[in-house]
Amino acid sequence: MPGGNTRSSLWAAPYPLSITGGAGCRITDADGHSYVDFLGEFTAGIFGHTCAALEQALTAAHRGGFGLSSHTPYETELAGELAARFPSIELLRFANSGTEANVMALAAARLVTGRDRIVVFAGGYHGGVLTFGQGNAPVNLPLDFAILPYNDPQAAAREFAASGDSIAAVLVEPMQGAGGCTVGTPAFLQALRELCDGSGALLIFDEVQTARMAPGGAQELLGITPDMTTLGKIFGGGLAFGAFGGRKAAMERFDPAHADPIPHAGTFNNNRLTMAAGLEAVRHHLTPAALAALYARGEAFRAALNDLFADHGGAFHVTGMGSVMNIHGTGPDAAIRRDRLRLLQFRMMERGFYFAARGLIALSFPLGEAETGGFLDALDAVLAAGRARPET
Ligand SMILES: Cc1ncc(COP(=O)(O)O)c(C=O)c1O
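Remember, predicted model here, so these are calculated numbers, not experimental data.

1. Things to note about the packing of helix H1 (residues 52-63) against helix H8 (residues 272-284)
At a closest axis distance of 9 Å, the pairing of H1 and H8 adopts a crossing angle of 145°. For H1 against H8, the interelement crossing comes out right-handed. Taking contact as the criterion, the partners of Ala-53, Leu-54, Ala-57, Leu-58, Ala-61 and His-62 in H1 are, on H8, Arg-272, Leu-273, Ala-276, Ala-277, Glu-280 and Ala-281. Class assignment of the residues belonging to the contact of H1 with H8 gives a composition of 9 nonpolar, 1 polar and 2 charged.

Printed below as a string of structure tokens:
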């Protein structure tokens, strides 16, 4: 593999961690060091690294036969569970990743509206070929993107005034995850809803990360119903997963018996193992009570982190929603902010706590008070030592 890497986001200088195994909320590296995992597979790892019930569901599906080259009952049941959770989803289809779900949602929007332009937002991330962290990434799909500032309803209104008739869809994360956990304001997201209503463009909420915020995702908390929703990560119960769905009017074209059907292929779209794990996850783990408790734990943890950072001089702060958050270096100089964050990450790893080099933290079900308390104590010590020796 070039650079020994097959997933660019995992690479970090001078070289990334190589993790040989995990159990619950702990991981162990190739040198035998153990860490409490606060990254949780970039939000997909909500179940921790081992889960007896998921193991049983997978084993049962495996015993019953996989790769059956046909429709199977699991996919119908999982589709029913997801449609029941998200009011925006009347019909849905499965894919193999969040990226694929977004690619197909955009294809559907373009074909259904007969328009080409796609509104996205600076800092947005919808998959490897839909990355807008630094403008339009060179590997992105060659679509007609309008890249607008996030949380700026006026800029969106100007774009719709100028070219509303050619806009097929607005693709937006209710919270920009990879963009540093920047939370969308209700006013901005509501303005997008109204602009789409006025122009006939489809509003697509990418809830690949934010679906964990409530049983019906961030859209439930916001009280805003998009035309389409894309899902991924947690609903595969630890396996590769994606789904896109929406209003019947937009999705019914995928019915193969439709007069003018939109094709959507994929050998593993309905992989029986994934469908079985997803069903177990939705029915027994991603319950309303479990999601509400995790959300509350995340809100309390983020507040405690911000208090601690403020007590130590405010060189960092944390943004986010519920159990997903991002630490940022504070101050006007981008290079100093980045270096400080990197140093903080190394110092926390030395003390046995792991989060992303870019500052992302995603809590998982097995992370309890003992672990979050341990993280805060370690951080307190790291920040105190950093202030005593600011040159390090
Ligand atoms: C908001 C969002 N959309 C889409 C994706 C892409 O999902 P996948 O990595 O499964 O392709 C991600 C992945 O991090 C994401 O955070």
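2. Topic: the domain arrangement of the chain
One frequent convention defines the size of an interface as the accessible area lost when the parts assemble. Here the chain is partitioned into domain 1 (2-50 + 287-388) and domain 2 (52-284). Distance from the C-alpha centre of domain 1 to the C-alpha centre of domain 2: 27 Å. Counting residues at the interface gives 24 residues for domain 1, matched by 21 residues for domain 2. Carbon and sulfur atoms make up 65% of the area that domain 1 and domain 2 hide from each other, which totals about 1,800 Å².

3. Quick notes on H8
Its 13 residues give H8 an end-to-end C-alpha distance of 18 Å, which sits within 8% of 18 Å, the value for a rise of 1.5 Å per residue. For H8, the full list of buried residues reads Arg-272, Leu-273, Thr-274, Met-275, Ala-276, Ala-277, Gly-278, Leu-279, Glu-280, Ala-281 and Val-282. Where the residues of H8 are buried, they touch H1, helix H2 (73-85) and strand E4 (91-95). One side-chain oxygen at the N-terminal end of H8 lies 3.1 Å from the backbone nitrogen of Leu-273; it belongs to Asn-271.

4. Some remarks on the pattern of salt bridges
Evaluated as defined, the whole model comprises 13 salt bridges. Of the charged contacts, one joins Glu-41 and Arg-7 as a salt bridge, the two residues approaching to 3.0 Å between their closest N and O atoms. On the criterion of sequence distance, the pair formed by Glu-41 in the loop between strand E3 (34-37) and H1 and Arg-7 in the segment before strand E1 (19-23) is long-range, its members being 34 residues apart. Glu-41 gets classed as partly exposed once you look at its relative accessible area, which sits at 38%. Exposure remark for Arg-7: the relative accessible area of 31% places this residue in the partly exposed category. A salt bridge links Glu-77 to Arg-283, with the shortest nitrogen-to-oxygen separation between them at 3.0 Å. In this pair, Glu-77 is assigned in helix H2 and Arg-283 in helix H8, connecting sequence segments 206 residues apart. By relative accessible area, Glu-77 is classed as partly exposed at 34%. On the basis of relative accessible area, Arg-283 is assigned to the partly exposed category, the value being 37%.

The rules behind the values
Residues numbered from 1 in each chain as written. Predicted model: local features only at pLDDT ≥ 70, side-chain atom pairs only at ≥ 80, totals over all residues. Heavy atoms only, no water. Axes fitted to C-alpha atoms, helices over the stretch in contact; angles between N-to-C directions. Helix = DSSP H or I, 4+ residues; strand = E, 2+ residues; numbered from the N terminus. Left-handed = near helix turned anticlockwise from the far one by under 90°. Contact = heavy atoms within 4.5 Å. Nonpolar A, V, L, I, M, F, W, Y, C, P; charged D, E, K, R; others polar. Domains from an automatic or database assignment. Buried area = accessible area lost by both parts, 1.4 Å probe. Expected span 1.5 Å × (residues − 1). Buried < 20%, exposed > 50% of the residue type's maximum accessible area, 1.4 Å probe, protein only. Polar contact = N/O pair within 3.5 Å; in protein donor to acceptor, adjacent residues only side chain to side chain. Salt bridge = Lys/Arg side-chain N within 4 Å of Asp/Glu carboxyl O.

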